[in-house]
Structures are given as structure tokens and as C-alpha cells.
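Examination of the molecular architecture
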Amino acid sequence: MNQENASAKSKPALSKLHYAWVIAFAGMLISGAGVGIVNSTLGVFVRPVCEELGFLRGQFTLYSSISTLVCVVLMPVFGTLFRRFGFRRIAVIGAIACGLVLMGYSFSSKLWHFYLFAFLSGIFVNGIGIMSVGILVNQWFIDKKGLATGIAYSGSGLVAAILIPITNKFIELHGWRWGYRFLAIISLSVLLLVILFVVQNKPEDKGLEPYRTGESQKKSAQPSVSLDVGLTREEAFHKTAFWMLAIAVMGITLCQAGPHVHTASFLSDIGYSSAFASSVSSVYMLLLTACKVVMGYVFDKLGSLKGSLLIGGCCVLFPIVALFAANPVIPWVYIVFLAMASSGATILATVLTTNYFGGKDFSRVYSIISMFSYFGITISSPLLGTIYDLTGGYTVAWILIACVGIVVCACLIGTNRLSRSIVFENTKKEVEASETV
């Protein structure tokens, strides 16, 4: 009897788990097996491929830039495709194509082979990329969207951190061609299993409603926004707030992407050992994964304005702290602020797009915001490298990044003020129109 009573009591607790949280963790696996493998683990191939095939490293790594450029250009197209065909169809195609691309790399022997497969990767990676995961989470969550987004996005860093040393060892034992094949099998297996057997396009497909607690409606300065209302992409284009948000997101990624790449070199330049610089970079990667979840939770608690200003503030703080990095304690403070800024960039873009412009045309609106985030990523690292080449150090770069961070904060404040009534005015119009009909 006691066992029966205990099991009876446990059932209600289990039934309280909304399937949306399963989707959030499925998103973590998709982002990990998707961009975590396709983009983040390929650095381990640079040395072995170039040594065997005789490529210059600059020539070889250009294939990554080709993939990124094609990906960015096609983001608006995929935003429309996701809205029209749903997540699963597009994601399955993306998973199969990117798995075959990884396999294709393993059979390549000429530079143009890698460039061709990179071009194909850029076409299809949006199907399993950060943008696609953000679109999926948005369909399933109204409340706790920041936390859910943080969980879903954390997979890209987590899986990369796990697979990079494993793949490196695999290459040592079996060669780089089998390294690509190993990643192809892992990526394709995980993605197809999750997409086909776990993911549903929207809650209605399981007879559910989007996850909602009502807590944010009562406590947050930013009320929850229905997924059925908001602006179309064309309407958003006519709003100053939209372009201010796009500039803010681009500014955040510009602030954090380059420092992420240059941190180890910066620390070595100012006198730290290579071992110390590597340790700081490794801890940063771990912090980045953890901060995605933490910042998502904090974003939910603080609301849109305070949450976004925390991220913008970190963009101002970490370059200022970097100016004093000769003190051995400062590099650790620096990577904490940098990790918070980096982890918050994707969360901010996803959550603010819904909160300020609604969920009615989210995938198409968010695809443009995502484009701007990639513009910042593309510019950032070369910009810091050029400043170093011209000045012989990173001091000017840190001052410039701090200034960009201030502009980001100003844009976030402006976006918030201009957007306060956009969604709700649009909701009122739609209600009035439906009553007239």
C-alpha cells in the first residue's frame, strides 16, 4: 500500500513537466550536433589537412568563411521556409545535407573540393543552426523563454568542448579523413534521432499550449507576448526600433567575437606564458556554456530592458578590464564579463525579437536580426587583427570595443522605449478587426 501511495503521489509531479522543456533540451542536442560539430570542431583539422595536402593555412581556413557568408545571405530565405514548412522538414534536410558535407570533406584532395562543400554547408546549415533552434524554442515558450533559450543554445559550446579533444585523438590514431567521417556519423545520428522522434513543430501538434506560468505576467516589467500577434517582417522594417535592435545585436557580436579569438594572443603579448593563456581560454569556453543557461534565467527575472542592459554593460566592462590585465587576477575577471556578453548575445536577440515585435512572423523577423549578428561576428576578428597590425597592440581595440558597448546600451534603451506599445497596439488593431468581421 505504501508503495502504491508513493507512486500515486509521484505521478502528478511528473505530469507537471511540460513537453516544452523536452524541446529545450532537444534544442541543446540540435545546436550541439549542428553548429557545435559543423562549425566549432573543424579547427582541429587545420594542421593535419594542410600538412598532408600542402595547403597554406590561410587558403584552407577560407572554406569556413565561405560557409559563413553563404549562411548569412540565406538567413532571410530560411526564415520564410521555417514559417511555411515548419521546423522538422527543414531541419531534417539540413541535418542530412550537413552530414553529407562532413563526409564530403573526408574525400577531398583539392582546395576547390573544400570550398565547394563549404558552399553547400552554408546553404543548409541554417536548417540546424542557432537561428533554427531559436525559432523552435519560440514556438514552445511564452514564459521562461530566456532560460529555455539558454539551455537550447548551450549545446553548441558543450558538445564542441567534449568532441574537440576526442576528435583530435581520433585524428592522431586514424587520420583526418576518418576524423571528418567520425563527426559526420555523430552529427547525422544525433540530429535525425532528435528531430524525427523528439521534436514537434509546435505545441498544438501534441495537443498542448505553449509553456506559460503566468509568473512573468505578474512580476516582470515586460508582459508575456502571445505568439499569435505582432508585426510582419515588412511592418517591422518600418519601425525605428527594429533597426536599433539590429544595430545593438550586431554591436554585441562585434564586441565579443574578436576578443574570443584574440584572448590567448593578447595575454601572451603582455607577458603571460602560453600555458596560462591557454588555461584562461579553456576556462572561458566552460564559462561560456554555463553562462548561456545562467544568463537566460537572469534575463527572465530582470525583464527585457534590465536583462539587455546587463549584457550591454558587460560589453563595456570587459574591454575596460582588459586594459589592466597585467595584474594576474584581472584576466579571470575579464573572461567572466566576456563570457556573460558572449552568452547573452543570442539569448537577447531571440527574446527581444518576440517581446518587442511579437510572435506572429517571428521566424522572418528573427532571420534579419540573426543576419546582423553574423555581420558583427564577421567584422570583429579581422578588425582586432588589423588594429594590432597597425598599432602593435590591443589597447586601441579595447577602447574602440568599449565605445561600441556604449552605443549598444544606447540602442537597447532606445529600442525598449520605442517598442513599448508596438505589439500591444497591433494586438488591439487585430482584435478590433476581428470584432468588425
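This section reports on the structure supplied with the text. As the structure is a computational prediction, the values presented were derived from the model and not from experiment.

**Things to note about a nonpolar patch on the surface**
- Where nonpolar side chains cluster on the molecular surface, the patch consists of W112, L116, F119 and L120 and spans about 400 Å² of accessible area.
- On the secondary structure map, F119 appears in helix α7 (residues 111-124).

**Points about the environment of T346**
- Inspection of the secondary structure assignment puts T346 in helix α16 (residues 330-357).
- Considering only alpha carbons, one finds T346 and Y153, 193 residues apart in sequence, at a separation of 8.0 Å.
- Those residues in contact with T346, other than ones at most four positions away along the chain, are I130, Y153 and Y366.

**Describing helix α10 (residues 176-197)**
- Here α10 spans 32 Å end to end across 22 residues, near enough to the 32 Å set by a 1.5 Å rise per residue.
- Considered for burial, the residues of α10 that qualify are W176, G179, Y180, R181, F182, L183, A184, S187, L191, V194 and I195.

**Quick look at unusual backbone geometry**
- The phi torsion at K144 lies on the positive side, around 60 degrees, for a residue other than glycine.
- With respect to the secondary-structure elements, K144 resides in the loop between α8 (130-140) and α9 (145-174).

**Section: the side chain of Q256**
- Tracing the sequence through the fold places Q256 in helix α13 (residues 240-269).
- In this structure, Q256 is in contact with F318, L338 and S342, ignoring residues within four places of it in sequence.

**Re the packing of helix α5 (residues 57-85) against α8**
- Look at α5 against α8: their axes get within 11 Å of each other, and the N-to-C directions meet at 30 degrees. Relative to α8, the element α5 is oriented roughly parallel. The way α5 lies across α8 gives a crossing that is right-handed. Contacts between α5 and α8 pair M75, F78, G79 and F82 from the former with M131, S132 and I135 from the latter.
- For the contact of α5 with α8, the class distribution of residues is five nonpolar, two polar and no charged.

Cut-offs applied
- Residues numbered from 1 in each chain as written.
- Predicted model: local features only at pLDDT ≥ 70, side-chain atom pairs only at ≥ 80, totals over all residues.
- Heavy atoms only, no water.
- Patch = residues over 30% accessible without salt bridge, like charges linked within 9 Å, V, L, I, M, F, W, Y side chains within 5 Å.
- Areas by Shrake-Rupley, 256 points an atom, 1.4 Å probe, with all protein chains shown as cover.
- Salt bridge = Lys/Arg side-chain N within 4 Å of Asp/Glu carboxyl O.
- Helix = DSSP H or I, 4+ residues; strand = E, 2+ residues; numbered from the N terminus.
- Contact = heavy atoms within 4.5 Å.
- Expected span 1.5 Å × (residues − 1).
- Buried < 20%, exposed > 50% of the residue type's maximum accessible area, 1.4 Å probe, protein only.
- Axes fitted to C-alpha atoms, helices over the stretch in contact; angles between N-to-C directions.
- Parallel < 35°, antiparallel > 145°, perpendicular 65-115°, else oblique.
- Left-handed = near helix turned anticlockwise from the far one by under 90°.
- Nonpolar A, V, L, I, M, F, W, Y, C, P; charged D, E, K, R; others polar.

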